[in-house]
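One-letter residues, chain by chain:
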Amino acid sequence: MSDYKIETKCIQSGYTPGNGEPRILPIYQSTTFKYNSSDQMGRLFDLEEAGYFYTRLQNPTNDAVAAKICDLEGGAAAMLTSSGQAANFYAIMNIVEAGDHIVCASALYGGTYNLYAHTIRKMGVEATFVDPECTPEELDAAFKYNTKAVFGETIANPALTILDFEKFAKAAHTHGVPFIVDNTFATPINCRPFEWGVDIVTHSTTKYMDGHAACVGGAIVDSGNFDWEAHADKFPGLTTPDETYHGIIYTQKFGKAAYITKATSQLMRDLGSIQSPQNAFLLNLGLETLHLRMARHCENAIKAATYLQNHEKVAWVNCPSLPGAPQYNLAKKYMPNGTCGVITFGLKGGRDAAVKMMDALKMIAIVTHVADARSCVLHPASHTHRQMNEQELLEAGVQPDLIRFSVGIENADDIIADLEQALQAV
Ligand SMILES: *Cc1c(COP(=O)(O)O)cnc(C)c1O
């Protein structure tokens, strides 16, 4: 971890050119890497020596960008993945097997809910979903003898529920399992979960980190803090010999990099959800301005939320950074400088009015995306979460009338003017 301030890390971390080398991180647009001896190539395959040999496993462009994200989060090791979904899949599959169980906060991104509720269940891994605002006793009761991880989102997409890190970290650690958090919406600019007892962080870099809606991508960062050896019986994949690598033991050989090395050498090797170096290059450009953009996203979100809150046709607004919001205190505790640019609201006319208003917007577009420079809206009940029934929607914190509004970095007056004219159409 460098000693630079977070703004400097956005620009400088991950890549330091040597004398006469390119000033900007190059795109290593190559599937493979050349070696002079067969022997050396063999040592790379055995993980005896570090080096690149095939881009499905590792690529220098990707590694530089992963190192920057690692530094931003204050972690020990990190990897890029092809998408946020791949990151959340690998983060869990790296430490579970068929027959295992995980505990999840129920307010989750729709894709992540499907992944944990349905897809990994078919692989023999069961998830119990708990209300993020449950009592410590209720949370405790969700654990089983075979629980291997606890998962939640810093700011849930789209419910905007703020995760009480300390409550969840305490429960996870009491039960001897790591606490994994998807920090996509807050980004390390506004929240660094490792400072609150979180062990592993995931990202959909598709959102604010890229910030321009240019590239789908993901990342996993390990704090290196979870003591796998102390709970060796639960995590044999990390603490007993890996026969596919001549019996190496990840915790013994790689220390704080054990979890990420295992995910790279097993999951990336076998499942192959690598990010393309071209996308990693663009992601890196996005990261350079992340600190500037997050501040403006937050500022505009508060202005838009304040405008909506005072409008007679608006029934409710949720912007956790706005004084008076139900989770304002939790938001201030974990994200004193702001949460994110995404807010939600509902109209007095309900679901029908929501659809009518969205159709009347001129600059703000209806898109299946959030958290990029351009303002956009989505109606989760009709779009991202449409596969959920009414009960599942409510558990995920998604009211049927909820409009998810990703406030961009245009001038706030133009954003508000577009809202104004669209609300007149309702
Ligand atoms: C978008 C999103 C994901 C999924 O990421 P992709 O890059 O689209 O695969 C996961 N978690 C959160 C919180 C998201 O917003």
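Residues numbered from 1 in each chain as written. Predicted model: local features only at pLDDT ≥ 70, side-chain atom pairs only at ≥ 80, totals over all residues. Heavy atoms only, no water.

**Structural notes on the domain arrangement of the protein chain**
Often, the extent of an interface is quoted as the loss of accessible area on bringing the components together.
Step number 1: As assigned here, the protein chain comprises domain 1 (6–285) and domain 2 (291–423).
Step number 2: The distance between the C-alpha centroids of domain 1 and domain 2 comes to 29 Å.
Step number 3: Contacts between the two partners involve 38 residues from domain 1, matched on the other side by 38 residues from domain 2.
Step number 4: Both faces considered, domain 1 and domain 2 share a buried interface measuring about 3,200 Å² in area, 62% of it formed by carbon and sulfur atoms.
Step number 5: Sorting the residues of domain 1 by area buried against domain 2 places I162, N190 and Y208 first, and these three jointly supply 24% of that buried surface. (Domains from an automatic or database assignment. Contact = heavy atoms within 4.5 Å. Buried area = accessible area lost by both parts, 1.4 Å probe.)

**Regarding the UniProt feature "modified residue: N6-(pyridoxal phosphate)lysine" (unreviewed entry) in the protein chain**
Step number 1: Taken from the UniProt record, the annotation "modified residue: N6-(pyridoxal phosphate)lysine" (unreviewed entry) applies to K207.
Step number 2: Within the secondary structure, K207 is located in the loop between β6 (200–204) and β7 (218–222).
Step number 3: Every residue in contact with K207, bar those within four places of it in the chain, is listed here: N157, T184, H369, V370 and A371. (UniProt positions renumbered as here; feature names shortened; annotations may be inferred. Helix = DSSP H or I, 4+ residues; strand = E, 2+ residues; numbered from the N terminus.)

**What about the sheet that holds strand β8 (residues 314–318)?**
Step number 1: Ordered by their spatial adjacency, five strands build an open sheet running β8-β9-β12-β11-β10, and the pairing between neighbours is mixed. Sheet topology places β8 and β10 (365–366) at the edges, where each strand pairs with a single neighbour.
Step number 2: With two bridges joining them, β10 and strand β11 (residues 376–378) adopt parallel strand pairing. Across the sheet, the residue bridging to I366 is V377, located in β11.
Step number 3: Sheet strands touched by helix α15 (residues 350–360): β9 (342–347), β10, β11 and β12 (403–406). Its angle to β9, the strand with the most contacts, is close to 120 degrees. (Pairing = 2+ DSSP bridges. Axes fitted to C-alpha atoms, helices over the stretch in contact; angles between N-to-C directions.)

**A look at the sheet that holds strand β5 (residues 179–182)**
Working definition: the strands of a sheet are paired by backbone hydrogen bonds and lie parallel or antiparallel to each other.
Step number 1: Judged by pairing direction, the sheet is mixed, and its seven strands sit side by side in the order β1-β7-β6-β5-β4-β2-β3 without closing on themselves. Looking at which strands have only one partner, the edges of the open sheet turn out to be β1 (77–81) and β3 (126–130). The average undirected angle you get between the axes of adjacent strands in this sheet is 20 degrees.
Step number 2: When β5 meets β6, the two strands line up parallel, connected through three bridges. Across the sheet, the residue bridging to I180 is I200, located in β6.

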